[in-house]
Each structure stands twice: as structure tokens, then as C-alpha cells.
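Listed here are the chains, written in short residue letters.
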Amino acid sequence: MGDYYRGREEGRGGGRGGGPRRSQKRRYRDDDDDDKDYRRSRPYEREDPASRLRRDTISIAESPLTKIEDTINLIATSFTSNFDNEELRNTFLNTLLSLVVEQPFKIPFLAAAVLVINSQNAEAGKLILNEFGRAAQAYLTEGFLTSAKLVLRFLAGLQGMVGGDGLYPVLSGMVDQASGYLATEEVGLALDLVWIALITIPYILASSRSDNNLASELLKKTSPITEVKHRMQSLLGPFTGGNAPYDARAQGTHNARILQLSLEAYLGSEPSKLFHGVGCLPRPYETFLTELEGATKHPMPEITLPYDYPVDKSSIMPNVYFSVFADPNVETVPPPMELASTLFRDAIVDTIDILDCNRLVVSRFLIEIDCYFSPNAFIKRAVPFDRVIETAGAEGSTWKPEDVAVDAIFSQLYKLPGPGHKLVYYHSILTELCKLAPAAVAPSLGRAIRFMYKNLESMDTELIYRFVDWFSHHLSNFGFTWKWAEWNENLTLPDVHPKKAFILGALEKEIRLSFATRIKGTIPDPYKELISEAKEKEQPHFKYDSEDEPFCKEAKEVLHAVADKKEDAEVDAILAKIIELAKDSGVADPLFVARDAYVTAICHIGAKSLSHVLSCIERCKEKLLAIGNESPDARRQIVGSVLSYWEDQPGIGANVVDKLLNYSIVTPLSVVEWVLHDAGNKALSHTHAWEMVSTTINKVNTRVRQMVAARQVMSINDYTEEQLAVYSQTLNAAEIEQGMLLKAVTDALTAMSDSSDEMNGGIDVESKAWMQWWAKGWLRAFSRKFGVAEGTVVELRAAGGGPPTKLEPEDMDTM
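About the criteria used
Residues numbered from 1 in each chain as written. Predicted model: local features only at pLDDT ≥ 70, side-chain atom pairs only at ≥ 80, totals over all residues. Heavy atoms only, no water. Helix = DSSP H or I, 4+ residues; strand = E, 2+ residues; numbered from the N terminus. Contact = heavy atoms within 4.5 Å. pLDDT = per-residue confidence, 0-100. Core = buried A, V, L, I, M, F, W, Y, C linked by side-chain atoms within 4.5 Å. Buried < 20%, exposed > 50% of the residue type's maximum accessible area, 1.4 Å probe, protein only. Phe/Tyr/Trp six-rings, centres within 6.5 Å; stacked < 30°, edge-to-face > 60°. Lys NZ or Arg CZ within 6 Å of the ring centre and 35° of its normal. Disulfide = S-S within 2.5 Å. Salt bridge = Lys/Arg side-chain N within 4 Å of Asp/Glu carboxyl O. Expected span 1.5 Å × (residues − 1). Bend = angle between axes of the 7 residues up to and from the residue. Polar contact = N/O pair within 3.5 Å; in protein donor to acceptor, adjacent residues only side chain to side chain.

Per an unreviewed UniProt entry, the chain goes by Cap binding protein and derives from Choiromyces venosus 120613-1.

1. Observations concerning the overall build of the chain
Scanning the chain from terminus to terminus reveals 34 helices and 2 strands. Considering only contacts within the chain whose residues lie at least 6 apart along the sequence, 75% involve residues at least 24 apart.

2. Re the confidence of the model for the chain
For the chain, per-residue confidence averages 87 on the pLDDT scale, and residues scoring 70 or more make up 88% of the total. This stretch, residues 789–815, has a pLDDT under 50; its non-local contacts, to residues over four places away or in other chains, come to 56 contacts.

3. As for the nonpolar core
If you look at the biggest cluster of nonpolar residues, it comprises 253 residues, and the most contacted ones within it are Phe-154, Leu-366, Phe-410, Phe-471, Trp-484 and Trp-778. For this core, the element with the most residues is helix α10 (residues 187–205), which contributes 15 residues.

4. Focus: the environment of Ala-76
Summarising the element assignment, Ala-76 is placed in helix α4 (residues 68–81). In this structure Ala-76 comes out as buried when scored by relative accessible area, which is 0%. Expressed as a C-alpha distance, the spacing of Ala-76 and Leu-53, which sit 23 residues apart in the sequence, is 9.3 Å. Residues within four places of Ala-76 in sequence aside, it is in contact with Ala-113, Val-116, Ile-117 and Gln-120.

5. Let's talk about the packing of aromatic side chains
Counted under the stated rule, the structure contains 39 aromatic pairs. Taking the centre distance of 5.9 Å and the plane angle of 85° together, the rings of Phe-344 and Trp-399 count as edge-to-face. Remark: Trp-399 occurs in the loop between α16 (388–392) and α17 (401–413) and Phe-344 occurs in helix α14 (residues 339–354); sequence separation between them is 55 residues. Exposure class is identical for Phe-344 and Trp-399. Each is buried. Here the guanidinium or amino end of Arg-89 rests over the ring plane of Phe-83, the centre of that ring lying 5.4 Å away.

6. A few points about the state of the cysteines
By the definition in use, this model includes 0 disulfides. Here Cys-620 is not disulfide-linked; the sulfur of Cys-616 is the nearest cysteine sulfur, at 4.3 Å. You can call Cys-620 buried: its relative accessible area is 7%.

7. Section: the pattern of salt bridges
Tallied over the entire structure, the rule returns 38 salt bridges. Residue Asp-460 pairs with Arg-784 through a salt bridge whose shortest N-O separation is 2.9 Å. Here Arg-784 lies in helix α34 (residues 765–790) and Asp-460 lies in the loop between α19 (438–454) and α20 (461–476), a separation of 324 residues in the sequence. Of the two residues, Asp-460 and Arg-784, both sit in the buried class. Measuring nitrogen to oxygen at the nearest pair gives 2.8 Å for the salt bridge that ties Asp-747 to Lys-743. In this pair, Asp-747 and Lys-743 both sit in helix α33 (residues 721–753), 4 residues apart, roughly one turn of the helix. Taking the relative accessible area as the measure of exposure, Asp-747 reaches 39% and is therefore partly exposed. Because the salt bridges share partners, they merge into one network encompassing Asp-460, Glu-462, Arg-466, Arg-780, Arg-784 and Lys-785.

8. A short note on helix α11 (residues 212–226)
Counted at 1.5 Å a residue, the expected span for α11 with its 15 residues is 21 Å, and the 20 Å between its end C-alpha atoms agrees. The largest bend along α11 measures about 30° and falls at Lys-220, with the proline Pro-224 one to four residues further on. Taken together, the buried positions of α11 are occupied by Ala-215, Leu-218, Leu-219, Thr-222, Ser-223, Ile-225 and Thr-226. Two or three places before Asn-213, at the start of α11, stands the capping residue Asp-211, its side-chain oxygen 2.9 Å from that residue's backbone nitrogen.

9. A few points about helix α24 (residues 552–563)
An α-helical turn contains 3.6 residues, so any two residues separated by three or four positions project in the same direction. Between the first and last C-alpha of α24 there are 16 Å, a value that for 12 residues agrees with the 16 Å anticipated at 1.5 Å per step. Within α24, burial applies to Cys-552, Glu-554, Ala-555, Val-558, Leu-559, Ala-561 and Val-562. Structurally, α24 contributes buried residues whose contacts are with α25 (568–584), α26 (590–605) and α27 (610–619). Just past α24, the residue Lys-565 takes up positive phi, approximately 60°.

This is how it looks when you write it as C-alpha cells:
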């Protein structure tokens, strides 16, 4: 049984019927006589009952033109009248389970159909209940907590056909387990279990048999757990310094605590509006209340919680609230402490995570979320923002369905320490939403962009760079058009100001996605001066073409020798000549000149495309490795020469350095040291600098994590002590490199954030303040990255393997 459900979990979302149906155009043959005869003689293929029931079940609640009660009644009647058909039973059960764990929006409607089935045939209802009890057991045992949560949600909807306390004993057991995990300091898993219990309660309260007293008792048990803070929580808030532009109670607060507080508020008072609290959840069973009253009740299937969950407990981070529509004047999305906010977002996020195989299906679901909640929960789609109040009326909802969907996507796109999927996945969903409903979604995205831009000064540094990435990528899909004139007043700000840095970074990213001449044609005149003529050149200038450049003749000889694929001996002879001439000229470091000439030549030869530069690096790999092995300074110089050549298109330079890192020509430490020492404090506001350091650190951390996981696997397999010792030595070297990298980053950024006037000579006071702001933001971000990588407090390891210096993540909260 466990293997069966595990297979469903690992392969979900890829089968037929995984999303909303689409109308298909019929194809007609030409109306010739032969074709007419063919159509007349073709036998009519009747759809079998199992296929028809499967189709009706998959499409439940998708069409607003079909009454949901008619669909529920049709499904129930079809199943009970053909209950003796084994094939139909199995088809329906498999379809039902697939929909529950793959399409969360439909769970209340599917549960209502099962309630009606039970009222018509108690044996059929008991079969379904037991099947889902086994499914919940299997998912919990295998550690698939999201699928377990959704199956429990379905069982919550069946509370009306279950005797006793129903699902509450299972949820209470999960809370007890969470308390036990707190004792072992596994806070992440404890909060996850409490979250599953808490998010199931509203669905029980909205079911055909709710009990507020049992819910209140369970809530009392959760309070001590939700009040606990994860050791990394202070680094997970999207805004720093307590400057969140929404409810202060939600600033840096994990979602389990917010849900617990909102449930307490809901149970403690009578909602003023019908759609508030659990009123936003659909109750399709209400049409059948008369039939359900006399239905047979069954015992809840026994669900035994596993002693230990087979999940990576150290990687579980609490989710912290984030919103881009926090407008205190007009609530187009529910405020964070409103229960509906959590219910909407949870269903949307699960849909995004589960159906990641098809962004088109996800987009279709999100644009139609108003079909899956209470009719009073949202106003009509595409209502202009300035007409929300008048459309809603005195007591009506002001929540825009497109705003709720977009807000949930951004909460995942800007999730810390990292999103659940690649960033481009969320980019693509937002793009598809715009294409499906431009009149509704485009204005919402415009308001989201303005919100983010307005709050850049208080935003976590990493999120600023994610914002730059998404903004430029999104514009590239819609002709690079934006109302840049709104930000004209910020063009006079220092380049290191977050808003000016955002503008510069976005334009640089757009150029990388297109070309400078085109981007220059899409921006107003005041912005055109930000794109220099050098950026418009197809290929950077080879600096040694200038006769004013020292050793230009010999450097051009190096260029021609490398381009003509001469032997290394010939290239070495030319480089030796440069070294001798540099010595005769009194150059302090003659090797510096020779290295620069060689690396610049390789960059120029490979400047046409990434494939060109990769081919050239591959061909010159041995020589580059020899240069890099000369000294740490030599490796830093290779990085500097590449970025110097691509000075006007630094994003390409950063990409080339990343390839050199893959070939081990440069080391992670050399990349980080060049950015933090050689590039200068102003580099911290540049997107390419962040990419270089962030990508490098992620590679190192990922390598260590993978090696630790592999070492654990090796220890339980048949490996000799000698093999284990060699691997342990390699792992130890990787961890020492990680520690050295962390120390280098922390030391450099600490110095920058406390930099004196001597270190920033000639820089105005405002720019210096913002440079220190960037340094503190980087320090916070990379402390978070290393904290996640090591799974404990951030340790600053000395290169010599001395005792670590500990930096608690909570100490970074003031940055």
C-alpha cells in the first residue's frame, strides 16, 4: 500500500485529466459524397459508464454554467447505481484520490458528492471513507505531508458521515507529536505538523457537522507550539528593521502562528460578514441537507501516526507572511490576520506546487479561483481598482480574485530562504495569467510593481535582486513596455540608492534579454543616457588595439596566436616577451601584464556567443589552469580581467566567470574576494555582483550538502573503511572551503558596513550610507544562506581549523 501511494505522489500531475477541460473544435471532412457515406455508416460509439463518471468527476465545479448540485447528484447517482461494477468502482476511487491530491480547489465539492453517495448507499460511502483512511495512513508513513494534508482535508469534509469526534483525535495526535519534536529542537517539522492540524480545522467547521468546542480545545494545545520561533526566523522576514508596510503582527511571523491567531479570532466572535472566516469556503452539500440527515454514520478509519517522519527535518523552514497588496484603504485581498487570507493562499500555493508540470493548467485554475469558493467571497473579475468600493456595496466583499491569486504567487516568488521551485516557474505563471486575462491581471501586476518599488529601502536585499529578475523578464514578454516616467524623479538619486540601483539593474537585465539599441527605443529620453554607446556595440573593444596601451603589439600577437590555435609553446614565448618588457619598464608585477593579455585575448575571441567562449576556454584550459595555480592573486586577476573586458555588459562577464569556476580555473574564494575587495563597495548594488557571489556560494553549499547525504548512504552500504576514510577526507576539505568562504564573506561585509571615511575617500555622505546599507543587507542574506546550509547556527570557521566563532541568526535581526 505504501509503495502504491508513493508512486502516485512521485508521478502526480502528469496523467490525463490533470486540469480543467478545454473545449475542442470539431474537425469536419469535406462534404463530398464519399465522406457523407462514411459518416452515415460509422457506428455510434457509446461512452461506457466508468468513463462518463470519470469525466463528470474530473470536471466538477469547473463550469459556472452548470449547477454544482446537478453535477454532484449526477456523480452520486452514477456511482451508486453501478456500484456492483468493479471496474467503475476502481476507476472512481482512483480518480477521486488523484483529484484530492492534485487539485485542492475541488476538495469541498468532491466531499459533498461522497456525502450524497453515502446517503444513497451506505456501503459505498464506507468504502470511500476506508479507502481514504488507508491513503492518509500511507502518505503519513511515507512522509508525503502535503498529500497527507489534502487527504485529511477531504476527510474533514466527510465529518458529517463519521461518528464520534471524527477527525479531531488524529489532529490532536499530530499536535502532541509536534510538542515532542519541539523538545528535540526540530522546530520546522513541529510547525509543519501544527500547520496541517490547524488548516484542517476550518474545513471541519465548514462541513455538514461542525463542533466549535472541539476546535477550541485543539487550538489551546497549539498555542505553546506556534509561539515558538525557529532559530532562522529573524532572517526570513521579507522586510528589515520592523518596516513591513502591513499589519505589524504579521511582520516576520510564521504562517502557523498567524493561522492560529486568526482561528482564535474567528471562534471567539461572530463574523460581521458572511464571507469572512470559514464562510469563504463553499458548502455545496447544503442543497442535500434533507437527504443527509438520515444517512448512516461510519467510524473514522484508524490512522496511526508514524513514530518518525522520513523527511529532512533540518531543511524545513517556516513560511513567513508576505503580501504586495497591503492597502489599508481598500482591501483587495484579505488582511493577514483574516482567516480567509490563509485559506485562499494555502489552496493556491498547493495548486502551484503540485501542478508544476503544467503552468498552463495552473494559470487556468488561478484565473478561475472564484468558481471554487463561496459566491460572496469575491467581487467580479477585472473590476478596476477605483471602482472596488462601489462594486462591493456596504456589506459586500472587496476582494479581487485576480489580486488574491497574484498575491499568492508573489508570496512564493519572494519566499525566504528560497522558493519551492525555480524562479522562472513563477515568472511563467504570471506571464500566462496576463495572456489569459490581460484586462484583469495586468493592472494587478502594475500595482504590485509599484508596491515593491515603493518599499525597496526596507526590503531584504535578496528580494530586491529577485524583483529585478522578474520585472525585466516579465517586460521582455510584453515588448519591454513600462511607464518609466513615473520614476523620473529618482534618476537624480545616487547610483547606490536602492531605487536607482533597481532601475540600472532592470535596464541591464533587459539588455541581456534583448540588445541595447532595442531597449533604448522603449524608454523615455531621460533614461537613454543610462545606456552608453559602448553598451550598444555588438562586441567589446579589444583594449590592446589602442596604441596608447602598453605592450599592445605583443598583446595582439597573443590574440592572433590563440585565435590561430597555435601551440602553447608559441604562446608562452610571446607571454615571456611581455614579461621581460614589463620588467625592463619597471612594472611592479610583470606577470600581471602577461596574464591580462592572455585572458583578455580569450574573452575577445569568444565574445560572439557563449558557445564561442566555452570552446575557447576548453581549448586553452590547461594553460588557464596553470595560470590560476600560480597564486591566489592570479586567480583573482583572471576574474578581474574577464569583468574588465565585459565592463559595459557585466552580466555576460559574470556568466563567463561562472564557466571558469565550473572548470576549476578559478576558485569560489577568488570569485568572492574579487567582488568584495577588488570591485569596490559600489559593486554591492550591482545585479551582476550579487549573481557572482550568490551563485558561487550556492554551488559550495550544495556540494557540501550532497556530499553529506552521500556519506550517510555510504555508511549503511558495503564500503570499506579505507573508502569511507578517503571520502571523509574529501568532505572535510569541502567543509573547510565552505568555512573559509563564510569567513571571507563575513569579514569583508562587516568591514564594509562599518567602513570609515578613510575607506570611502571622495564619496558623498548619502552614497556612503547606502553602501553601508547594502553591506548590511548582503551580510544578512549570506548569513541566512550559510545558516540553512549547515543546519545549525552560522559558524565562522578559521582557515586553520581552529574553534568556530558563532554568530546567532537572531543577532542579524537589526540589520
